[in-house]
Each structure stands twice: as C-alpha cells, then as structure tokens.
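So the chains spell out like this:
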Amino acid sequence: MRVEQVMYPALRQVVKRPKLAEFVLGRDRWGNPFSREAYADPHPVIELMRADGPVQYHRMYQQWFVFGYDEAREILTSDALTNTAQVDVLLEVRPYSKLTPRAQGFLRTFLNVTDPPQHTRLRSLVSRAFTPARVRALEPQVGPIVDDLLDGLAERESFDVMADLAIPLPVNVIGTLLGLPRERWEWSQRTTDHVVRLIDPFVWFDPDAVSYTHLTLPTNTVTW
C-alpha cells in the first residue's frame, strides 16, 4: 500500500473538522495551512514553509516540498519528471479513486498532467490560440463582457471581486475564444468550478459532483 493511500484520506477527514485540524495541524511548525485564515491569506503560511529551505521533506505530510524558484524550474524542466505516472498514483487514492472511469479519463487529459508527445501537441494548440495578435483581436469583445459583469453587480449592495468578476471574466473570454454560445457560459462556469476543485482534494473536492458533471463541450462548439 502506498503512503498516499493512507495519508490523503486521513488528512481529508482531519481537515473536514476545523477544531480537530487546529489541534493536529496547528501544532506543526507550519501551522494549519487548511484553516480559513490560511485560505484567505496564504502568504504567512507560505513564508513559514519557505523558511525551512528551498527543498524539504515534511514527516507529517510524508512528502517532499519544493519552494525555491531555481529548484522548481530544474525539476519541472527535467526529462526525468513524469506527470502521467503521478496521475496513475493519484487515481489509486481516495477521493480520486471514487471518480467514475469517464471522469478519470477526463483528468488524464489535463495539459499540466500529460507528458510529451501528448503534452507538446496540446500545448501547441493552446499557444496558437493565445498569441499576442490573437489576444489583441479579442480586446473589442472583452470590454463588453466586463461591462455585462459589472452591470450585473450594479444593483447589489456588496459583491466579491474575485467570485463575481475576476473568476467569471476569463471563463467567459475563453468561451468566446472557443466559439461557445453565450447561453452556455453559465454552464461553462459551473463546469470550471467543479474541475478546479480537482486540485484541492482536502477541502473542496467532491468526487460525486465531478463524476456527474457534463464535461463535454456542446456539439455545435466552434474551435480554432
């Protein structure tokens, strides 16, 4: 049995209980990185982590952590690094092991978890869509999207800049880039929310929500 198969589910159960998490993790030299305070402002926790050095092994989490820029760049550009193998390990661990086969297959196609040559092919498609000229061409369309989002907030007494503006804006712009009909933007935002939660297995990840979310684009979607 892999250490992740024990650590991930155990840590997930601890984090779900704030008082228990504070009791168990709050005594660590890094403090509790899963507290509400840490999520609202992670920088103090990050500074505590970085104070121990650019590369370190933490016994509580049974994992290596890399915080230095040069060290991270060296690892990420190394031919010895394989993302596909790590995904195989991850899918053996709860809650990822609870994903349906379709959702697991979807996860394996993420650009940041694939290896060459698939990664190279996918990256070339993305790069072509986000050239400086292509981005400049989108400017006339981005302005009205921002205006629409702001108009929707005008009648509110208060709003969250991240949740109500900064997060939906790029999703809507990408929808425009992909030729996604405007009436599907809300669907795109909901689907994106579920997908983003895949990277946080301890707090937000709900395997049932991801498994049953309609993850395929409409058949009339126009791509570049």
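Residues numbered from 1 in each chain as written. Predicted model: local features only at pLDDT ≥ 70, side-chain atom pairs only at ≥ 80, totals over all residues. Heavy atoms only, no water.

**What to know about the side chain of threonine 114**
Then, in step 1: Note on placement: threonine 114 falls in the loop between α7 (101-108) and α8 (118-129).
Then, in step 2: Look past the residues within four positions of threonine 114 in its chain and what remains in contact with it is Asn83, Thr84, Arg108, Thr109, His119 and Leu122. (Helix = DSSP H or I, 4+ residues; strand = E, 2+ residues; numbered from the N terminus. Contact = heavy atoms within 4.5 Å.)

**Re the packing of aromatic side chains**
Then, in step 1: Following the criterion strictly, the structure yields six aromatic pairs and no others.
Then, in step 2: Relative to phenylalanine 67, the ring of tryptophan 30 has its centre 5.9 Å away and its plane inclined at 80°; by these criteria the two rings are edge-to-face. Here tryptophan 30, found in the loop between α2 (18-25) and α3 (36-40), pairs with phenylalanine 67, found in the loop between β2 (63-66) and α5 (69-76); they are 37 residues apart in sequence, far enough to count as distant.
Then, in step 3: Phenylalanine 67 gets classed as partly exposed once you look at its relative accessible area, which sits at 22%.
Then, in step 4: Aromatic ring contacts, followed pair by pair, group Trp30, Tyr61, Phe65 and Phe67 into a single cluster.
Then, in step 5: One residue, arginine 184, lies across the ring of tryptophan 187, its end atom 4.6 Å from the ring centre. (Phe/Tyr/Trp six-rings, centres within 6.5 Å; stacked < 30°, edge-to-face > 60°. Buried < 20%, exposed > 50% of the residue type's maximum accessible area, 1.4 Å probe, protein only. Lys NZ or Arg CZ within 6 Å of the ring centre and 35° of its normal.)

**Some details on helix α1 (residues 3-15)**
Then, in step 1: In a regular helix each residue adds 1.5 Å, so 13 residues correspond to 18 Å; α1 covers 18 Å between its end C-alpha atoms and thus fits that length.
Then, in step 2: Looking at α1, one finds that the buried residues are Glu4, Pro9, Leu11, Arg12, Val14 and Val15. (Expected span 1.5 Å × (residues − 1).)

**Here we look at the nonpolar core**
Then, in step 1: Ranked by size, the top nonpolar core spans twelve residues in total: Leu11, Val14, Val15, Ala21, Leu25, Trp30, Phe34, Ala38, Val45, Met49, Tyr61 and Phe202.
Then, in step 2: Secondary-structure elements contributing two or more residues to this core are α1, α2 and α4 (43-50).
Then, in step 3: Ranked by residues supplied to this core, first place goes to α1 with three residues.
Then, in step 4: With eleven residues, the next largest nonpolar core counts Leu99, Val113, Val195 and Phe205 among its residues. (Core = buried A, V, L, I, M, F, W, Y, C linked by side-chain atoms within 4.5 Å.)

**Notes on the pairing of strand β1 (residues 55-58)**
Then, in step 1: Judged by which residues are buried, β1 turns out to be one-sided: Gln56 and His58 face inward and are buried, whereas Val55 and Tyr57, on the alternate face, are not.
Then, in step 2: Relative to β2, β1 runs antiparallel, the two being bridged by four bridges. In the sheet register, glutamine 56 faces β2, and the bridge partner there is phenylalanine 65.
Then, in step 3: Linking β1 back to β2 in an antiparallel pair, the connection comprises four residues, with glutamine 62 at a positive phi of about 55°. (Pairing = 2+ DSSP bridges.)

**Some thoughts on the confidence of the model for the protein chain**
Then, in step 1: Predicted confidence across the protein chain gives a mean pLDDT of 81, with 92% of residues reaching 70 or more.
Then, in step 2: With pLDDT under 50 throughout, residues 212-224 is counted as low confidence; its partners more than four residues away or in other chains account for 28 contacts. (pLDDT = per-residue confidence, 0-100.)

**Section: unusual backbone geometry**
Then, in step 1: Here the residue pair proline 116 and proline 117 is connected by a cis peptide bond, since its omega of 5° sits within 30 degrees of zero.
Then, in step 2: Mapped onto the fold, proline 117 is located in the loop between α7 and α8.
Then, in step 3: For glutamine 62, which is not a glycine, the phi torsion comes out positive at approximately 55°.
Then, in step 4: Positionally, glutamine 62 belongs in the loop between β1 and β2.
Then, in step 5: Under the relative-accessibility criterion, glutamine 62 is labelled partly exposed at 30%.

**Quick look at a positive patch on the surface**
Then, in step 1: On the surface, Lys16, Arg17, Arg94 and Lys98 cluster together into a positively charged patch.
Then, in step 2: With respect to the helices and strands, the residue arginine 17 is situated in the loop between α1 and α2. (Patch = residues over 30% accessible without salt bridge, like charges linked within 9 Å, V, L, I, M, F, W, Y side chains within 5 Å. Areas by Shrake-Rupley, 256 points an atom, 1.4 Å probe, with all protein chains shown as cover. Salt bridge = Lys/Arg side-chain N within 4 Å of Asp/Glu carboxyl O. Lys, Arg positive; Asp, Glu negative; His and termini not counted. Charge placed at Lys NZ, Arg CZ, Asp CG, Glu CD.)

**Observations concerning the pattern of salt bridges**
Then, in step 1: Throughout the structure, instances matching the rule amount to five salt bridges.
Then, in step 2: In this structure, aspartate 52 engages arginine 29 in a salt bridge whose closest nitrogen and oxygen atoms are separated by 2.5 Å. Pair noted here: aspartate 52 is in the loop between α4 and β1 and arginine 29 is in the loop between α2 and α3, with a separation of 23 residues, a long-range link.
Then, in step 3: The partly exposed category is assigned to aspartate 52, whose relative accessible area is 37%.
Then, in step 4: A residue is classified by how much of its surface remains accessible, and arginine 29, at 48% relative accessible area, is partly exposed.

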